[in-house]
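A look at the structure
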Amino acid sequence: MDIGNIFVISLIVLYVLFFLAIFKERKGIYKRLKPYISKLDIIIFSISVLIYIFIGLFLVQPVEQLYFDENIYQGIALNILHNLNGEWCQYGTGYLYKCFSNAIYHDPIGEPFIIAIAFLFGGASINTAFNLQFIIGLLSLIAIAIVAILFTNKKYSFGIASLLFAIQPEIYIWARTQAIPDLTFMFFSILSMLFFLYNIERKTKYSLLAFLSILGITLYMRVESILLLFIYIILFILYDKNFFIELFDNDNYLPILILFIFLIAPEIYFIGYEYSNPTYGQGNSPLISFSYLLNFSYINFEYLNGYFDFVEYYPAIFSPTLFILALFGIFIAISSFNKKNLLIPGFIFIAYFLFYSVYYAGFATYGVDSRFMLSLVPSLILFSLPLFFADKTYSKNVFIASIVLLLLFAYVIYNNFRIYNTPIFSFVNISYTSLFPQIVFVIIMLILTLFIKDKKIYSASVLLLASIYFVFTIPTFSLKPSQMPQQAVIYNASQFEFNYQNYIPNNCLVFSFTPDIFFEYGKNAAQIGYFESHELTSNYSCYIFDYGYWCVVPPYNNLCSSYVSKYNMKLIIKYPTSQGPVAFYYILNYSNT
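If you're wondering where the values come from, they're calculated on a predicted model, not measured in any experiment.

Thresholds applied
- Residues numbered from 1 in each chain as written.
- Predicted model: local features only at pLDDT ≥ 70, side-chain atom pairs only at ≥ 80, totals over all residues.
- Heavy atoms only, no water.
- Helix = DSSP H or I, 4+ residues; strand = E, 2+ residues; numbered from the N terminus.
- Expected span 1.5 Å × (residues − 1).
- Buried < 20%, exposed > 50% of the residue type's maximum accessible area, 1.4 Å probe, protein only.
- Polar contact = N/O pair within 3.5 Å; in protein donor to acceptor, adjacent residues only side chain to side chain.
- 1 Å grid on protein atoms, 1.4 Å probe; cavity = no way out; pocket = protein on both sides within 12 Å on 5 of 7 lines; lining within 4 Å.
- Points joined across faces, edges and corners; volume = space filled by probe spheres on them.
- Nonpolar A, V, L, I, M, F, W, Y, C, P; charged D, E, K, R; others polar.
- Pairing = 2+ DSSP bridges.
- Right-handed = clockwise from strand over helix to strand, strands pointing away.

As for helix α1 (residues 3-24)
If you check α1, its first and last C-alpha atoms are 32 Å apart, about what 22 residues at 1.5 Å a residue would give, namely 32 Å. Within the sequence span of α1, burial applies to G4, N5, F7, V8, S10, L11, L14, Y15, L17, F18 and A21. Here α1 starts with a cap whose side-chain oxygen sits 3.1 Å from the backbone nitrogen of G4, and that cap is D2.

What to know about the layout of surface pockets
Estimated volume of the largest pocket: approximately 1,100 Å³. The wall of the largest pocket is formed by 38 residues, among which Y67, F68, D69, Y280 and W550 lie closest to the centre. Sorting elements by how many residues they give to the lining of the largest pocket places helix α4 (residues 69-83) first, with three residues. For the lining of the largest pocket, the class distribution of residues is 23 nonpolar, nine polar and six charged. Reported here for the second largest pocket is a volume of approximately 530 Å³. Looking at the second largest pocket, it is lined by 22 residues, and the ones nearest its centre are F18, F19, L139, F187 and L191. When residues of the lining of the second largest pocket are traced back to their parent elements, those giving at least two are α1, α2 (26-33), α5 (110-122), α6 (126-152) and α9 (181-202). With seven residues, α6 is the largest single contributor of residues to the lining of the second largest pocket. The residue inventory of the lining of the second largest pocket, partitioned by class, reads 21 nonpolar, one polar and no charged.

Some thoughts on the pairing of strand β4 (residues 524-527)
The alternating pattern of β4 places N524 and A526 on one face and A525 and Q527 on the opposite face, and all of these are buried. The pairing of strand β3 (residues 508-512) with β4 spans four bridges and is parallel. Note on β4: the bridge partner recorded for S512 is Q527. Between the parallel pair β3 and β4, the chain is carried across by helix α23 (residues 515-520), and the sense of this crossover is right-handed.

Structure (structure tokens):
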């Protein structure tokens, strides 16, 4: 048994414990939620689900965004499914019935584990991975709606939270990819909020077990999820100062805590290993540095304000309505809300906003790393909710929030004109036009606050206004792959890998920089590093060289070209891309001895 098996076994136990706790607490959960779900909640929730399904299935193109990491997650999933091993296979048989060499990948196994379950029931295919992401997005909508009840203790919060979630463009972008851990991390982060709040109220051994097991699962999603462990320790102290005394004194609690520590120990080891051996493509740049803070936090602030909602920045598309409503909600909550509950989204938002602002790839316009900002969405939704449940004194706070937002927008406009040295009244410049809709939105919100005094009409008007804003963003995030800027470089190369698998006989061995793609199509494959190592386990009827994407871009293009010229290779098929042709070759004179 190696570390990959220990990862998998630990996660299996955590899931079993979680579902056991849910089963034991099912009546308590139902009793807690039922009084706060009205008929109107059901209607709004149903509309939200229909919006999510319609837009996700019919308007947004499913496409791989994170090349070729998404294929690696699926390769690890195959290794989990067939070998109970959470490591990255470097050389193995088709579908990874056997893997002859494993390595620890730089991301935890939480996402591949979920994919492995999907492969078990839906079959190992790219379509299964696409469908899984879509389902995780839908489950996230349901989860945040439930958290809203525990957060506000108000009717209609269930429906409002679900609709706020359904009108966020970034959700659809990342729910229609093959396999990214960020959406799944967001989902389990929501569940950790849910069961923290439930356990604080319930205080039974099974409510504690539900929270700790879901927190343990969340820790296996991303390396930075370790922040949640410290956040919840602080929150337990703030919510119940006697909790840790009870935890160690109670004979029912202590075994659960010990088991939790034991089950997360492999992930703690993994995080330590990753910290000491970072392999994230940062090159000579520091992985984490406070020198990034000012610049990255400013970029991420612009992102949350919808500053990059243009095709050329795709997929960095964030609806500013959520940030605006969140700021309004925070100002409202100051005078008319359970302020202790604000600590949960507050700590999580601040921790992850700051973390990604000091991480080398943590700013929203770095490649496709706007995906990191998904971790902020649940907090912003919860921050928004007090706006919809304010008492009659809320107009003054909304007015103050409006002034703060308009001043922030003015600063962004001024700062960008200063940086790019353009006339401040140039309507052509993106710095001005990109914030114009947000300014209009804030002004309309202010007008609604001044003239609508009925809370239900006011809430409905705000939701309608936010939904209208969302409708205008649909053309920006429902692009065809050929229209997505980052796809211009790699889309054709990846489609070649997927669409021409039938040119490769099943009894051949493929040498590739992306062997996981071939594993998933039932082909034997090995990392390119095995090409001249001669450490293969057996003979094959033929050997194939995958002259794929990494072979036509630096720094590997020269290496691949040298292999093609050094060995006697016969072209199988060639396909053009913007970076140069990709191809499959038979290696006619290959020997594994």
